[in-house]
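Given next are the chains, with one letter for each unit.
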Amino acid sequence: MQVIVPSVSVLDCPGTESEDAGKASACSGCPNQEICASAKPRAPDPDVGQVRERMAGVKHKILVLSGKGGVGKSTFSAQLAYGIAADEAKQVALLDIDICGPSIPRIMGCDGEQVHQSNSGWSPIYVEDNLSVMSVGFLLGSPDDAVIWRGPKKNGLIKQFLRDVDWGDVDYLIVDTPPGTSDEHLSIVQYLSSTHVDGAVVITTPQEVSLLDVRKEISFCRKVKLPIIGVVENMSGFVCPKCKHQSQIFPPTTGGAEKMAKDMGIPFLGRLPLDPRIGKSCDEGKSFLTEHEDSPAAAAYRSVINGMEYDSMIHLP
Amino acid sequence: GIMADDILPNVGHVLLVLSGKGGVGKSTVATQLALALVEAGKKVGLLDIDLCGPSVAKMLDLEGRDIHQCSDGWLPVYADPSQQLGVMSIAFMLSHRDDAIVWRGPKKNAMIKQFLTDVAWGELEYLIIDTPPGTSDEHITVVENLQSCNPDGAILVSTPQAVSLGDVRRELSFCKRTHLPVLGIVENMSGFVCPHCSECTNVFSSGGGEAFAQDFHIPFLGRIPLDPKLSQCTEEGQSLAKVFPTSPTIQAVRTVVDNLVAQLKSRTNAKHGST
């Protein structure tokens, strides 16, 4: 009779230094449980206070998540940033916490810029007077430099981004994330936990292979009590430039994001089509919303962004 | 450390499918390569070390299967009755499909190590390892643990655009730093042929992968087009060759396989000093 390998616990060790050490549900069965549970409580992390101070001047924080790679998180984060910053009265900051694959510098047209330090901290890169950007990409010497770091080192840098960057007073801080539900995601939520995060926009493409990972991301948001602003279905339909017929390159075989959003009880923010000019704008570091503002795709972006509801709403003309 | 005998003792070729960039088609390419090799009569293993977003099980219609244990270890989940394609993934170890594996590095590393040491693959001609995007815990751990069995190398996957290739450059650096040979690059999602009028549109640009191969002196294994039929097959866990046998995409995949096999052969010959 063959034994079946048991399911894994999806929860992780809370950390031997954490408040929950030894007491979390993931702790049962761990050989270290007694030691952790009886240990003296650790002094609070002084960085948390510093992060709270830096973030005090940030009115709205929006995380852009997926779970699935390559669905358009960075593309969306960039268009969101460009879109809001078109109103010169708004101060926008875009933070890229994808440490291994930082796409934001290229997409924002500031590849190759370097970060400068001053008394008030690290200066973000200003793409416009009211639009600043930070990414590990700016800390690398060459485009070939790979950041081959394990979790703890990545977490350290994310903390530094929140603690040491002098964002100034910001209306919107948009955080672009890598795919997954791991160190970077746990860390950003943890470090921002002492501040108010408006919520997360979750990006997916229409296929089930994508939705599989995105449902997990939504489970993650619920687990860490991160409000979900809504789901966006990207790369939804392609219009042939020659014959104008529509094709579904990534078919929504299980109903796409709209059905998933309904099933999981979260807002569906809309669909963004596949327009080859979007990828091209990203490659060239230009704002698609500005370069092709009359395109159906740009209209779709504006509609999705204007439909995002959290504490307040964004109004793109 | 792990003894040389413990790691994959009966595997002919160990191949890693890497990118650096997410969503370029690593899992799709890994699965299609595996299926093509099986169709060519080989015995293949497919190991998915993407713990947060394991796609391989879905792509082969193996969701919901359990991992059975025998005296030699964990048995792979077989995709076919003749057991030519064995699969291992954390997807088989979740209570519910929507469960998110919210693990930090150390726990992920332990799981990957287990996949390498505890699975009774049996004799395989090829073991293909599908990875998540990035150059982090999963990648460091798998390369470290494979050292004793001399993996043949990495297959890089990218779409043609600069944003993708920007990350693939870093993955190439990762390979160099970890002394992992690079077998070549596959340019995926390379052009979309409109089914209505046959006009080819370069949705994600074009030619970038081939240029990359030239610039960085690595073999160009081929290009695979954007094909909704391929997406459909990965959605339904079907083999493209079985469902759409006349599709040009199949030829594209076979070309990649042929080029890959040629690469492996020339490297083996070089190692053994034959002409």
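The coordinates are above.
Cut-offs and rules
Residues numbered from 1 in each chain as written. Chains lettered and ligands numbered in written order. Predicted model: local features only at pLDDT ≥ 70, side-chain atom pairs only at ≥ 80, totals over all residues. Heavy atoms only, no water. Helix = DSSP H or I, 4+ residues; strand = E, 2+ residues; numbered from the N terminus. Rg over C-alpha atoms; globule rule 2.2 N^0.38 Å. Buried < 20%, exposed > 50% of the residue type's maximum accessible area, 1.4 Å probe, protein only. Contact = heavy atoms within 4.5 Å. Areas by Shrake-Rupley, 256 points an atom, 1.4 Å probe, with all protein chains shown as cover. Lys, Arg positive; Asp, Glu negative; His and termini not counted. Charge placed at Lys NZ, Arg CZ, Asp CG, Glu CD. Pairing = 2+ DSSP bridges. Axes fitted to C-alpha atoms, helices over the stretch in contact; angles between N-to-C directions. Salt bridge = Lys/Arg side-chain N within 4 Å of Asp/Glu carboxyl O. Buried area = accessible area lost by both parts, 1.4 Å probe. Polar contact = N/O pair within 3.5 Å; in protein donor to acceptor, adjacent residues only side chain to side chain.

J.: What is the right way to read the overall build of chain B from this model?
T.: Within chain B one finds nine helices and 12 strands. Expected size for 275 residues packed as a compact globule is a radius of gyration near 19 Å; at 18 Å, chain B falls within 12% of this value. Summarising its shape, the C-alpha atoms of chain B cover approximately 55 × 45 × 40 Å along the three principal directions. Expressed as a percentage of its 275 residues, the buried residues of chain B come to 60%. A separation threshold of at least 6 residues defines the contact pool for chain B, and within that pool the share at least 24 residues apart is 77%. Roughly 10,400 Å² of accessible area belongs to chain B as shown, and the carbon and sulfur atoms make up 47% of that amount. Of the charged side chains in chain B, 22 are positive and 30 negative, and the gap between their average positions amounts to 4 Å.

J.: Mind showing me how you'd approach the sheet that holds strand β1 (residues 11-18) of chain B here?
T.: For sheets, the rule is that strands pair by backbone hydrogen bonds, running either parallel or antiparallel. Residues and elements named next belong to chain B. Ordered in space as β5-β6-β2-β7-β1-β8-β9-β12, the eight strands form an open sheet in which the pairing is mixed. Two strands bound the open sheet, and with one partner strand each, they are β5 (77-78) and β12 (220-223). Where strand β2 (residues 44-48) lies against strand β6 (residues 85-88), four bridges are found, and the strand directions are parallel. When the sheet's bridge partners are listed, Val44 is paired in β6 with Leu85. Strand contacts of helix α6 (residues 208-215): β9 (182-187) and β12, with the helix running at about 155° to β9, the strand carrying the most contacts.

J.: Explain the pattern of salt bridges here, please?
T.: Two side chains bearing opposite charge may form a pair once their charged atoms approach each other closely. Going through the model one piece at a time under the given rule, you end up with 26 salt bridges over all chains. Salt-bridge contacts for Arg150 of chain A lead to Asp137 of chain B; the nearest nitrogen and oxygen are separated by 3.3 Å. Taken together, the residues Arg150 of chain A in the loop between β7 (131-135) and α5 (151-164) and Asp137 of chain B in helix α4 (residues 137-146) connect one chain to another. Between Glu233 of chain A and Arg271 of chain A there is a salt bridge, and its shortest N-O distance comes to 3.5 Å.

J.: Any chance you could explain the interface of chain A and chain B here in plain terms?
T.: Where interface size is quoted, it is often the accessible area lost as the parts come together. Contact with chain A, which involves 70 residues of that partner, is made by 70 residues of chain B. Buried area between chain A and chain B, summed over both chains or domains, comes out near 6,000 Å², and the portion from carbon and sulfur atoms is 57%. When the buried area of chain A at its contact with chain B is split by residue, Val5, Ile148 and Arg150 of chain A rank highest and sum to 12% of it. Among the ionic pairs, Arg169 of chain B bridges to Asp144 of chain A, the shortest N-O distance being 2.6 Å. Summed over the shared surface of chain A and chain B, the number is 29 residue pairs in polar contact (both at pLDDT 80 or more).

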